Amino acid sequence: MTNTIQILSINQTGKENILKKELKNQSIKVLDSYLFSNQISESNFHKISNILSNNVSQVVLTNKNYKKILTYYGNFNWVIEIKFLPGVTDNIANTAKEIISENIKGNVNKFKIGSSKIFLIKGSKQTAERITKKESNPLIHKIRITTFKKYL
């Protein structure tokens, strides 16, 4: 059981491409993360993951595969998580909840969902802070920077 679904694009995304060029850094990956207020059963985890991701171009991280997948995609040393502060409208999460509610019946509708972006980078802490300043607004976002080792 888990309360988080994280999705990684297999190919380079536009956001990753822009950040790589601006920062002259080739080790950047961006994850889409969905945070649920309650634990999700394994069966619902797979159903919801299939709804929120594209199995051709994305991979869903699980407790069993995330270390292997994340280390495969880069030798990262910093993780930045940017999510909305409580009370701020999270349109991505609202849309995800609507899609899930339309496709899965039962207790899933009682969950609250939040979304976040997770940036994995190789570089200095100053590089991580530059990404944070570029990608977030401290008035509406909660920002967390941690080492990749602590994240794993």
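Structure's up top.
Residues numbered from 1 in each chain as written. Predicted model: local features only at pLDDT ≥ 70, side-chain atom pairs only at ≥ 80, totals over all residues. Heavy atoms only, no water.

Colleague: Help me understand the overall build of the protein in this model?
Modeller: Counting its regular elements, the protein contains six helices and six strands. Mapped in sequence order, the helices and strands of the protein form the string β-α-β-α-β-α-β-α-β-α-β-α. Considering the protein as a whole, with its 152 residues, one finds that 43% of them fall into the buried category. Across the protein, every contact between residues at least 6 apart in sequence was considered, and the portion connecting residues at least 24 apart equals 79%. Distance between charge centroids for the protein: 7 Å, based on 24 positive and 10 negative side chains. (Helix = DSSP H or I, 4+ residues; strand = E, 2+ residues; numbered from the N terminus. Buried < 20%, exposed > 50% of the residue type's maximum accessible area, 1.4 Å probe, protein only. Contact = heavy atoms within 4.5 Å. Lys, Arg positive; Asp, Glu negative; His and termini not counted. Charge placed at Lys NZ, Arg CZ, Asp CG, Glu CD.)

Colleague: What should I look at first to understand the nonpolar core in this one?
Modeller: For soluble globular proteins, the rule of thumb is that nonpolar side chains tend to be buried together. Membership of the largest hydrophobic core comes to 15 residues, with the highest contact counts inside it found for Ile5, Tyr34, Phe36, Ile40, Ile48, Leu52 and Ile100. For this core, the secondary-structure elements that each account for two or more residues are strand E1 (2-9), strand E2 (28-40), helix H2 (42-52) and helix H4 (91-103). Counting residues in hydrophobic clusters, the runner-up holds twelve residues, among them Leu8, Leu31, Val79 and Tyr151. (Core = buried A, V, L, I, M, F, W, Y, C linked by side-chain atoms within 4.5 Å.)

Colleague: What's the story with the packing of aromatic side chains in this structure? I'm lost.
Modeller: Each aromatic ring pair is characterised by the separation of its centres together with the angle its planes make. The full count for this structure, using the stated rule, is three aromatic pairs. Note on Phe36 and Phe111: the rings are 6.0 Å apart at their centroids and 75° apart in plane angle, and the pair reads as edge-to-face. You can see Phe36 sitting in strand E2 and its partner Phe111 sitting in the loop between H4 and strand E5 (113-121), a full 75 residues away along the chain. Considered together, Phe36 and Phe111 belong to a single accessibility category, that of buried residues. (Phe/Tyr/Trp six-rings, centres within 6.5 Å; stacked < 30°, edge-to-face > 60°.)

Colleague: Honestly, the sheet that holds E2 in this entry has me stumped. Any pointers?
Modeller: An order of E3-E1-E2-E5-E4-E6 is seen for the six strands of this open sheet, with the pairing classed as antiparallel. The sheet is open, and its two edges are formed by strand E3 (58-61) and strand E6 (141-147), each paired on a single side. The average undirected angle you get between the axes of adjacent strands in this sheet is 25°. Its contacts with the sheet put helix H3 (residues 66-73) on E1, E2, E3 and E5, and the angle it makes with E3 is roughly 135°. (Pairing = 2+ DSSP bridges. Axes fitted to C-alpha atoms, helices over the stretch in contact; angles between N-to-C directions.)

Colleague: Just checking my understanding: could you explain H3 for this structure?
Modeller: For an α-helix, the turn length of 3.6 residues means that residues three or four places apart are oriented alike. Looking at H3, one finds that the buried residues are Tyr66, Ile69 and Leu70. The buried residues of H3 occupy an angular sector of 95° when the element is viewed end-on, so they sit on one face. Counted as exposed and oriented over 90 degrees from the buried face of H3: Lys68 and Tyr72. For H3, the secondary structure elements touched by its buried residues are E1, E2, E3, E5 and helix H6 (148-151). (Arc of directions from axis to C-beta.)

Colleague: Looking at this structure, I do not really get the environment of Glu81. What am I missing?
Modeller: Relative to the assigned elements, Glu81 resides in strand E4 (residues 78-84). Note: C-alpha distance between Glu81 and Phe119 (38 residues apart in sequence) is 6.5 Å. Apart from the residues within four sequence positions on either side, Glu81 is in contact with Leu35, Ser116, Lys117, Ile118, Lys142, Ile143 and Arg144. Within polar-contact distance, the side chain of Glu81 engages the side chain of Ser116 at 3.2 Å. (Polar contact = N/O pair within 3.5 Å; in protein donor to acceptor, adjacent residues only side chain to side chain.)

Colleague: Quick question: what am I supposed to make of the pattern of salt bridges here?
Modeller: Note on pairing: side chains with opposite charge can pair once their charged atoms come close. Applying the stated criterion across every chain, the model contains five salt bridges. For the salt bridge of Lys29 with Glu16, the shortest nitrogen-to-oxygen distance reads 3.2 Å. Placement of the pair is Lys29 in strand E2 and Glu16 in helix H1 (residues 14-23), with a sequence separation of 13 residues. The exposure class of Glu16 is buried, given its relative accessible area of 0%. Residue Lys134 is joined to Glu22 by a salt bridge in which the shortest nitrogen-to-oxygen separation is 3.5 Å. Of this pair, Lys134 sits in helix H5 (residues 125-135) while Glu22 sits in helix H1, and the two are 112 residues apart along the sequence. (Salt bridge = Lys/Arg side-chain N within 4 Å of Asp/Glu carboxyl O.)

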